[in-house]
Amino acid sequence: MYDRLLFPTDGSDGAAAVIDDVLGIATAHGATLHILNVADTTHDSVTRVGSEVVDVLEAEGDSLVAETAATAEARGVETKTAVRQGDVPATITEYAETAAIDLIAMPTHGRTGIGELLVGSTTERVSRTTTVPVLTLRPDSDGLTYPFETLLVPTDGSECAAQALDLATGIAVNDAILHILSAVDTAAFGGSDSLPHYDALETEAGEVVETAADRARSGGVDEIIETVEHGTSIPAAIRSYADETEIDCIVMGTHGRTGLDRYLLGSVTEAVVRSADQPVLIVPQETDTAAAE
């Protein structure tokens with residue numbers, strides 16, 4: 001169960017487009033919503049108004065979080081607001097840790113150009129450093145299905161993938177369907193699926209999925225769909241499967257296997273976040289998965 005949600009906002013159209021989704025999650029869990037604006041100290045924002053020295057970014061932030069809190073409270077969601085100065089990703093990560101946040105919810109797109117972006121690459125930087133799960137939401141989606149009814153966990157058998165699976169299992173025990181997928185990258189074999197090493201990888205992928213499914217069943221999940229996908233791009237294989245099976249949320253870890261085994265997670269997770277139509281729940285390595293139960 002999520003008790004404390006963090007919504008970093010920069011006042012962009014992207015943030016405004018996902019606030020209803022964030023409020024839906026907070027309402028479902030009876031959670032307190034922490035609304036954070038970061039005044040980026042890499043920009044000079046101090047100015048003089050008459051005889052008073054004013055930090056323009058802090059003033060804008062105060063107004064923004066108050067307005068967002070009013071929207072939340074109108075929906076019956078308890079809020080806490082904060083405006084902080086500092087590097088944006090680092091400040092979000094620090095706030096999440098000190099406030100014992102259970103889940104960070106961020107849109108995949110925010111401000112760009114002169115306005116400076118809060119999300120997009122910042123979301124990726126937060127997910128690399130935080131110990132808190134990060135749920136990325138697409139501002140251009142038709143709206144969030146929540147509680148999630150179908151979950152997809154891509155896995156490569158790594159420990160971080162197992163942690164993502166455990167978090168998804170905690171969600172799926174509430175009558176959701178859990179899809180477990182391992183993807184075989186045919187690009188490593190020139191697009192061919194007839195070479196000996198390819199057969200070995202496919203066999204290994206099947207074993208990885210089976211092991212993950214056994215783990216999820218022991219965690220109490222009743223309905224599990226196991227699959228091995230093939231493609232010249234692992235992110236594309238994940239996206240294609242998610243679209244075809246109408247997945248509500250993709251759950252992925254931040255680190256995976258490297259070297260000859262190929263890696264599924266890490267940069268692949270970021271590629272999926274950037275391009276998938278579904279929300280992606282990013283599970284950092286060594287995250288406490290108990291919050292989802």
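Reading guide: rules and limits
Residues numbered from 1 in each chain as written. Predicted model: local features only at pLDDT ≥ 70, side-chain atom pairs only at ≥ 80, totals over all residues. Heavy atoms only, no water. Helix = DSSP H or I, 4+ residues; strand = E, 2+ residues; numbered from the N terminus. Buried < 20%, exposed > 50% of the residue type's maximum accessible area, 1.4 Å probe, protein only. Contact = heavy atoms within 4.5 Å. Areas by Shrake-Rupley, 256 points an atom, 1.4 Å probe, with all protein chains shown as cover. Pairing = 2+ DSSP bridges. Axes fitted to C-alpha atoms, helices over the stretch in contact; angles between N-to-C directions. Arc of directions from axis to C-beta. Polar contact = N/O pair within 3.5 Å; in protein donor to acceptor, adjacent residues only side chain to side chain. Core = buried A, V, L, I, M, F, W, Y, C linked by side-chain atoms within 4.5 Å. Right-handed = clockwise from strand over helix to strand, strands pointing away. Parallel < 35°, antiparallel > 145°, perpendicular 65-115°, else oblique. Left-handed = near helix turned anticlockwise from the far one by under 90°. Nonpolar A, V, L, I, M, F, W, Y, C, P; charged D, E, K, R; others polar.

What follows is about the overall build of the chain. If you tally the helices and strands in the chain, you get eight helices and 12 strands. Split into buried and exposed, the 293 residues of the chain put 52% on the buried side. Intrachain contacts of the chain at a sequence separation of at least 6 include 77% that bridge at least 24 residues. Total accessible area on the chain is roughly 13200 Å²; 46% of this is exposed by carbon and sulfur atoms.

To continue, consider the sheet that holds strand 10 (residues 224-231). Across the sheet, 10 strands lie side by side as 5-2-1-6-7-12-11-8-9-10; this open sheet has mixed pairing. Of all the strands in the sheet, just strand 5 (79-86) and strand 10 have a single pairing partner and so form its edges. This sheet shows a mean twist of 25° between the axes of neighbouring strands, independent of strand direction. Sheet analysis places strand 8 (residues 150-154) next to strand 11 (residues 249-253), joined by two bridges and oriented parallel. Pairing of L151 across the sheet is with C249, part of strand 11. Packing against the sheet, helix 8 (residues 267-275) makes contact with strand 7 (134-137), strand 11 and strand 12 (280-283), and its axis sits at approximately 160° to strand 11.

Another aspect to go through is helix 7 (residues 234-244). When we look at burial in helix 7, the residues that qualify are I234, P235, A237, I238, Y241 and A242. Projected down its long axis, helix 7 carries its buried residues within an arc of 165°, all on one side. In the core, the buried residues of helix 7 are packed alongside strand 8, strand 9 (177-185), strand 10, strand 11 and helix 8. In this structure S233 caps helix 7, since a side-chain oxygen of it lies 3.2 Å from the backbone nitrogen of A236. Positioned one or two residues after helix 7, E246 has a phi angle of 55°, which is positive.

Right, let's get into the nonpolar core. Counting 45 residues, the largest nonpolar core has L33, L151, L178, I180, V251 and L281 as its most contacted members. In terms of residues, this core owes the most to one element, helix 1 (residues 13-29), which gives seven residues. Setting aside residues up to four positions removed in sequence, L281 forms contacts with Y2, L103, P133, V134, L135, L167, I171, C249, I250, V251 and M252. Counting 32 residues, the second-largest nonpolar core is a separate cluster that includes A96, L181, I238 and I282.

Here we come to the pairing of strand 2 (residues 32-40). Among the nine residues that make up strand 2, nine are buried, leaving the element largely enclosed by the rest of the structure. In strand 2, alternate side chains face the same way, and those of T32, H34, L36, V38 and D40 on one face and L33, I35, N37 and A39 on the other are all buried. Where strand 1 (residues 4-8) lies against strand 2, five bridges are found, and the strand directions are parallel. By the bridge assignment for strand 2, F7 is matched with I35. Following the backbone out of strand 1, through helix 1 and into the adjacent parallel strand 2, one traces a crossover that is right-handed. Relative to strand 5, strand 2 runs parallel, the two being bridged by eight bridges. Looking at the pairing, V38 lines up with R84 of strand 5.

Turning our attention to the environment of D214. Tracing the sequence through the fold places D214 in helix 6 (residues 196-218). A relative accessible area of 42% means that D214 is categorised as partly exposed. Along the sequence, D214 and I224 sit 10 residues apart, while their C-alpha atoms lie 9.6 Å from each other. In terms of polar contacts, D214 uses its side chain to reach the side chain of R217, at 3.3 Å.

Time to look at the packing of helix 3 (residues 88-98) against helix 4 (residues 121-129). One way to put it is that helix 3 packs onto helix 4 with a least axis distance of 9 Å and a crossing angle of 45°. When the axes of helix 3 and helix 4 are compared, the pair comes out oblique. Our pair here, helix 3 against helix 4, has a crossing hand that is right-handed. Counted together, V88, P89, I92 and T93 of helix 3 and T122, R125, V126 and T129 of helix 4 form the full contact between these two elements.

Once that is clear, we can look at the packing of helix 7 against helix 8. Look at helix 7 against helix 8: their axes get within 9 Å of each other, and the N-to-C directions meet at 45°. It follows from the interaxial angle that helix 7 and helix 8 lie oblique. Both helix 7 and helix 8 take part in a crossing whose hand is right-handed. Packed against helix 7, whose contacting residues are I234, P235, I238 and R239, the element helix 8 presents V268, A271, V272 and S275 at the interface. Across the contact of helix 7 with helix 8, the residue classes tally to six nonpolar, one polar and one charged.

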